[in-house]
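Overview (structure and organization)
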Amino acid sequence: MRSKMIRWSNLTELSVNYPKTVILLTLAITAFFLLQFPKIKTDTDPKNMLPATSQVRVYNDQVDRWFALHKDVIVLGVVNDQGIFNTDTLARIVRLTDEIAKLQDVVARDVNSFTTVDNVTSEGDLLTVKPLMSKIPQNPQELQALRKALYENPLFLERLISKDGKTTAIYIPLEPTANGQEIAGQIKQFLLKENGPEKYYLAGDPIARDTFGAQMFLQMALFSPLAGLIMFLALYGMFRNLTLVGSVMAVAMISIVWSMGFLIGMGFPVHIMSSMIPVFLMAIATDSVHIFNEFYFRFRELRQKRAAILDTMRTVGAPVRYTALATAVGFATLSLVGFVALKAGHLIPIKGAIEPVMVFGLFVAFGTLALRLMSFSFIPAVMMLAPEEKLLKVSGHEDLESNWTVRGLRRLGEFSLTRSKFVIGASLLLVIVSIVGMSQIRVNNNMVSWFKTGSEIRQADTILNDRLGGTASAYVVASAEKQDFMKQPEALKYIDSLQRDLEKLPVVGKTTSVADYAKWINRVMNRDDAAYYRVPEDEPTIAQYLLLFSMSAKPSDLDNVVDYPYQKANIWVQLKTWDAGAMRQVIDRVNAFAAAHPLKGMTFQPAGVAYFNLVWDDEVLYGMLEGFILALVFVFIILTVNFRSWRWAVVSFVPLLFAITLIYGFIGFIKKDFDMPIAVLSTLSLGMAVDFAIHFVRRFQQRYREDPDLERALLWTVARPGKGILRNAVLFAAGFSVMVFASLTPYITVGLFIMAIMLLSALATLIFLPALIRLLPGWLLKEKILVSVGAASTTQPELNPEKESQ
């Protein structure tokens, strides 16, 4: 350990002796990583968060082949508050359908609207299948006939027409390579040409997904520089020296270039997770504030720049190293959860591992280590080039007696020490309340909710879910052991009963299956008698009806709900929300129904986009939660090694656990959902809270060995290193306050919770830790007191904080 510390000290001395060379070398390495940026590839499809070999992706692809389904479908809602059934509105629907069908990357043959959907009727004993609206109705009688055809057919109700007759929809399937946002943009151009009372709403997973992907990079491009600017101004307000302030910002930017350049150079695409790497590295870079905070105090005392730099790095070097190590390990555990091997552009994960999460953790860890390397090289080099006369002027404000911030911190420390029991008691009460809030948290994700309530996507989704069956698609696949099973009356009746049971769920708007087609055909073949809207009683009749329908309708009509051997049937479930929890309710309901009413030879399996989102939700979020728990274990080990005491490791963990408990308690009471932004921020909260605790405890130990008066040592630690902790917290909270103005809610969440994490962790460290140490001196300080009192010549040198840190 001592040899490692000496090497870090030698690196700092080398940087101080040859500052320009170190800076040029750093810039040269940065240029190398910068050259990798033209190779950038992006991937904003959440589907690719799971490996192509994952069970849910393989099964969903198989289901798409079995039933000729399309992975991506856009829904264009048409709303006329005066009613859809008028010639002008119907003419617009015809024009829009025709224009949309001509778009590249739209599967024209399967576009569904009034003009393209098949309507099953009968003429005598013949089954007739023809478009629902082959021409625009021109008189009240024709309009009434259209209305009757729509409302009497349950297949159309709440899919093509709302119950109040004011809303219809055009369903637009896309080719696998299509970009939902681009298609939506082209459709909007068509809508601009229509000058009527209708309102139009575009919804669907491909629009939300691809729009978020595009906006994600725009938001990062806008708010990262703004955050950097505010941080720059805040830093200048703290240190009043452009050279030193510029070095902090330069280190943050350089680490981002190194990390992202390394990621791109290795062939990895920039996905939703890795796009947030710059945000986290900017947060971690603020730890350099502790170096400048101590340097100003040292420079004011020594008035020799070189000596002050070396003295500063010897004093804060150990805390800076261990905070970096703890943070890097915390993020690296996201990779260790599933990491097996690394190839160019590809990680080979174990079963259940999430590659983008692993990549995110790996490269944030790399960037963190790069930051710490520059803390001992680039920053001292820049400090060495700063003019001494300016440093003397601004460092004059760093006085433990006159500085108002220091005085305020000292009073805060006095309150913590004189009211220790009250502080601990109040904190425990907050923890108990927070645990109640945590019990209300549910693991859930909803990409539509990543847009603000007033956004076009959010409004469209809400309106169409209210008026029609739902924009979120899921499938429940029924599988039998033998062919032609789905022609049996028992099988179709069972599926029909399951549908009616599912539709009792508030989250389910509509279900459709082969049973619905059989029931409707049975009705029309019996003189359109509503009493015959039921599953036929014998297998030959069902087989005949389905055969006649398959020969007359579009192939996709029947293909979408049953396979050719009639061994598998597809229940299409329309959900009123994209919440992952909605699909969980569907699965639970299916399992409960199957358990209560078992049918020999038939099993059920969920599929579709909504099911993928549920699996993604569980695997990604639970995977990150597991990584976070693993990170806690590794960080505890690091703290134990750092302090050479498991007791001090436990005490240092207290602010971390306190802050995390309060934050999750707040989430439980206010937000309820544990989603991806919260999962990502969990790891950051670990790094920040441990960062502050390491600095506080390490500096307290140094001071206590110099002055074994417990209260004086604690007050000094709260006032002097505590100023660096407070500066660090305020700096980054101010920088990321701009993110609350983002248009995407994950970035708003990141901004709000980073502010909360930083400020809460700092306060927990500066108030809770002194009180805890004050109440546990016998348990924590016994060995330290013995060393101080013994004052043996062989141990006395260890009381020197500089040698201790060496």
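Residues numbered from 1 in each chain as written. Predicted model: local features only at pLDDT ≥ 70, side-chain atom pairs only at ≥ 80, totals over all residues. Heavy atoms only, no water.

1. Examining the sheet that holds strand β6 (residues 199–203)
This is how it is decided: Two strands are said to pair when DSSP picks up at least two bridges between them. Helix and strand labels come from DSSP, where a helix needs a run of H or I of at least four residues and a strand needs a run of E of at least two; each type is numbered from the N terminus. Axis definition: a line fit to C-alpha positions, over the contact stretch in the case of helices; interaxial angles, taken between N-to-C directions, run 0 to 180 degrees. Only heavy atoms matter for contacts: two residues are in contact if any of them lie within 4.5 Å across the pair.
Spatial strand order, β5-β2-β6: three strands in an open sheet with antiparallel pairing. Whereas interior strands pair on both sides, the edge strands pair on one side only; in this sheet they are β5 (167–173) and β6. Direction aside, neighbouring strands of the sheet carry axes that sit 20 degrees apart on average. Relative to β5, strand β2 (residues 73–79) runs antiparallel, the two being bridged by seven bridges. Across the sheet, the residue bridging to Val78 is Thr168, located in β5. Relative to the sheet, helix α4 (residues 87–101) contacts β2, β5 and β6, its axis offset from that of β5 by approximately 10 degrees.

2. With respect to the nonpolar core
Put simply, the rule is: The set of buried Ala, Val, Leu, Ile, Met, Phe, Trp, Tyr and Cys residues whose side-chain atoms join them within 4.5 Å is what this entry labels a nonpolar core. Classification of residues uses two cut-offs on accessible area relative to the type maximum, computed with a 1.4 Å probe and protein chains only: under 20% is buried, over 50% is exposed, and between them is partly exposed.
Residues Leu76, Phe114, Met486 and Leu575 are the most contacted members of the largest nonpolar core, which totals 242 residues. Not counting residues up to four positions away in its chain, the partners in contact with Met486 are Ala478, Ser479, Ala480, Ala491, Leu492, Ile495, Val562, Tyr566, Gln567, Lys568, Ala569 and Met602. Grouped together as the second largest cluster of nonpolar side chains are eight residues, Leu69, Tyr475, Val477 and Ala607 included.

3. What about a nonpolar patch on the surface?
Here is the rule we go by: The residues that make up patches have over 30% relative accessible area and no salt bridge, and they are joined within 9 Å when like-charged or within 5 Å when they are Val, Leu, Ile, Met, Phe, Trp or Tyr. In this description, accessible areas are obtained by the Shrake-Rupley approach with a 1.4 Å probe, and a residue is regarded as covered only by the protein chains that are shown. Between Lys or Arg on one side and Asp or Glu on the other, a salt bridge is scored when a side-chain nitrogen of the former is within 4 Å of a carboxyl oxygen of the latter.
Residues Leu429, Val433, Val436, Phe666, Phe669 and Ile670 make up a contiguous nonpolar surface patch of about 570 Å² in total accessible area. Listed by contribution, the elements that provide at least two residues to the nonpolar patch are α16 (420–438) and α24 (646–671). By the element assignment, Val436 lies in helix α16.

4. Concerning unusual backbone geometry
Notably, Asp528 is not glycine yet its phi reads approximately 55 degrees, a positive angle. Within the element layout of this structure, Asp528 appears in the loop between α19 (514–524) and α20 (539–552). Even without being a glycine, Tyr566 presents a positive backbone phi close to 55 degrees. For Tyr566, the location among the structural elements is in the loop between α21 (555–559) and β13 (568–575). Residue class for Tyr566 comes out buried when judged on its relative accessible area of 11%.

5. Some words on the sheet that holds strand β12 (residues 508–512)
Here four strands make up an open sheet; going across it, the order is β12-β13-β11-β14 and the pairing antiparallel. Each edge of the open sheet carries a strand with a single partner, namely β12 and β14 (602–607). Going across the sheet, the axis of each strand differs from the next one's by a mean of 25 degrees, ignoring polarity. Pairing analysis gives six bridges linking strand β11 (residues 472–480) to β14, with the strands arranged antiparallel. Looking at the pairing, Val477 lines up with Gln605 of β14.

6. Brief notes about the packing of aromatic side chains
What counts here: Between the rings of Phe, Tyr and Trp (Trp by its six-membered ring), a pair exists once the centres lie within 6.5 Å; its type follows the angle of the planes, with under 30 degrees stacked, over 60 edge-to-face, and the other angles tilted. Put simply, a charge is over a ring when the Lys NZ or the Arg CZ is close to the ring centre, within 6 Å, and near the line of the ring normal, within 35 degrees.
Enumeration according to the criterion identifies 26 aromatic pairs in this entry. Aromatic side chains Phe85 and Tyr151 sit 6.3 Å apart centroid to centroid with 50 degrees between the ring planes, which places their arrangement in the tilted category. Highlighted residues: Phe85 in the loop between β2 and α4 and Tyr151 in helix α5 (residues 140–152), separated in sequence by 66 residues. The aromatic ring of Tyr171 is capped on one face by Arg159, whose charged end is 4.0 Å from the ring centroid. It is Lys568 that lies over the ring of Trp66; its NZ or CZ is 4.4 Å from the centre.

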